[in-house]
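# Per-entry structural report
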Amino acid sequence: MEQLNDAVSWIRSNHPRRIAVLTGAGISAESGVPTFRGSGGLWKNFRAEDLATPEAFARDAALVWEWYEWRRSLVRDCAPNAAHTALARLAQHDELEVSVITQNVDGLHTRAGSIGTIELHGNLFRVRCTREETTQEATAPFPSLPPLCACGALLRPDIVWFGEALEPEDINRAVELISHADLLLIIGTSGLVYPAAGLMSSLQRGISMEINPDSTPLSTSCDFVIEETASRAVPVIVDAILEVAQ
Ligand code: OAD
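We now turn to the structure provided with this report. (Residues numbered from 1 in each chain as written. Predicted model: local features only at pLDDT ≥ 70, side-chain atom pairs only at ≥ 80, totals over all residues. Heavy atoms only, no water.)

### So, the nonpolar core
Formed by 31 residues in total, the largest nonpolar core has its most connected members in Ile-11, Leu-183, Leu-185, Ile-187, Met-209, Val-234 and Ile-237. Elements with a minimum of two residues in this core: helix H1 (2–14), strand S1 (18–23), helix H6 (82–91), strand S7 (183–187), strand S8 (207–211), strand S9 (224–226) and helix H9 (230–244). A total of eight residues in this core trace back to one element, the largest contributor, which is H9. Counting 27 residues, the second largest nonpolar core, distinct from the first, contains Ala-56, Trp-67, Tyr-68 and Phe-125. (Core = buried A, V, L, I, M, F, W, Y, C linked by side-chain atoms within 4.5 Å. Buried < 20%, exposed > 50% of the residue type's maximum accessible area, 1.4 Å probe, protein only. Helix = DSSP H or I, 4+ residues; strand = E, 2+ residues; numbered from the N terminus.)

Given below as structure tokens:
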């Protein structure tokens, strides 16, 4: 609580205008989307690292797709929570430059109304042809698994898997936005998966606030460590920023 008050005081004194936000699975936890690590993070005793890889897909595409269909069905039934909607509200202020950079593939920032969210790891509701590399939206459940493209090749989730490179355009943009930020909010990420976890080192003159009930490897580098859940702390931070925005 004290940390949250201190963060609010800093905002009131410093009027941050360029805000970069880096989010992870924890921001969607209160929407009912399980995080990857911690309780509820396993599916049939598999870890994400066992399934979210090109090797796992080459070995057993149906198994990998079964996991994604389970996640897609979970997320379809979830709604953005107070943290997602507060961030969307922030971005609507004309005088502020707000960018949301997420590791999440659940699309909840966009559903909450955040425009231009950088989805570093892709989106659960988009697929890619393994032969043609074309992508398409795919929101409805597939009648059978693994799904095939019209060309006959396997479709895969349009997700960046372990061992694959992020889109250079996304990572470059994220670095640029963070390097110019007055304030970086780091919300609900364990800070264990790179390159996303390394993005905070791009911060130049701005300050960082971590919002996470647990400490992470990023905590020691953050200026403010707010040990609260996202839905509790993010609306308070957003209200403070909006209150002092010109
Ligand atoms: P993790 O599951 O590793 O970490 C979730 C973090 O959220 C933890 O630090 C929790 O303490 C925190 N948390 C839990 N509940 C919270 C709440 N209500 N409010 C705020 N924080 C909360 O998720 P990520 O860091 O996003 O990649 O994981 C990074 C990547 O690893 C994911 O994008 C995914 C995964 O494997 C791929 O699938 C490619």
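Picking up where we left off.
### Comments concerning the pattern of salt bridges
Following the criterion strictly, the structure yields 14 salt bridges and no others. Here Arg-18 makes a salt bridge to Glu-97, at a shortest N to O gap of 3.4 Å. Linking Arg-18 in strand S1 with Glu-97 in strand S2 (residues 97–102), this pair joins segments that are 79 residues apart in sequence. The exposure class of Arg-18 is partly exposed, given its relative accessible area of 29%. Judged by its relative accessible area of 40%, Glu-97 is partly exposed. Where Arg-173 meets Glu-176, a salt bridge forms, and the shortest distance between an N and an O atom there is 3.7 Å. Here Glu-176 and Arg-173 lie together in helix H8 (residues 168–179), a separation of three residues that amounts to about one turn. (Salt bridge = Lys/Arg side-chain N within 4 Å of Asp/Glu carboxyl O.)

### Concerning the pairing of strand S6 (residues 155–159)
Most of S6 sits inside the fold, with five of its five residues counted as buried. Of the pairings in the sheet, the one linking strand S4 (residues 122–129) to S6 comprises four bridges and is antiparallel in character. The partner of Arg-128 across the bridge, within S6, is Arg-156. (Pairing = 2+ DSSP bridges.)

### Concerning the side chain of Thr-216
Looking at the secondary structure, you find Thr-216 in the loop between S8 and S9. Polar contacts involving the side chain of Thr-216 include one to the main-chain amide nitrogen of Leu-218, which spans 3.0 Å. Apart from the residues lying within four places of it in its own chain, the contact partners of Thr-216 are Thr-189, Ser-190 and Glu-210. (Polar contact = N/O pair within 3.5 Å; in protein donor to acceptor, adjacent residues only side chain to side chain. Contact = heavy atoms within 4.5 Å.)

### What to know about the sheet that holds S8
Read from one edge to the other, the open sheet built from six strands follows the order S3-S2-S1-S7-S8-S9, with strand pairing classed as parallel. Edge positions in the sheet fall to strand S3 (118–119) and S9, since each has one partner strand and no second. Where S2 and S3 come together, two bridges link them in parallel fashion. Its bridge partner being in S3, Ile-101 is matched across the sheet by Ile-118. Here H1 sits on the sheet in contact with S7, S8 and S9, set at roughly 135° to S9. Along the sheet, H9 contacts S1, S7, S8 and S9; its crossing angle with S8, the most-contacted strand, is approximately 150°. (Axes fitted to C-alpha atoms, helices over the stretch in contact; angles between N-to-C directions.)

### Quick look at the packing of H6 against H9
Closest axis-to-axis distance for the H6/H9 pair is 8 Å, and the angle between their directions is 15°. In this view, H6 runs roughly parallel relative to H9, as classed from their interaxial angle. The two elements H6 and H9 meet at a crossing, and its hand is left-handed. Residues Ala-82, Ala-83, Ala-86, Leu-87, Arg-89 and Leu-90 of H6 pack against Ala-230, Ser-231, Val-234, Pro-235, Val-238, Asp-239, Ile-241 and Leu-242 of H9. Looking at the contact of H6 with H9 residue by residue, the classes come out as 11 nonpolar, one polar and two charged. (Parallel < 35°, antiparallel > 145°, perpendicular 65-115°, else oblique. Left-handed = near helix turned anticlockwise from the far one by under 90°. Nonpolar A, V, L, I, M, F, W, Y, C, P; charged D, E, K, R; others polar.)

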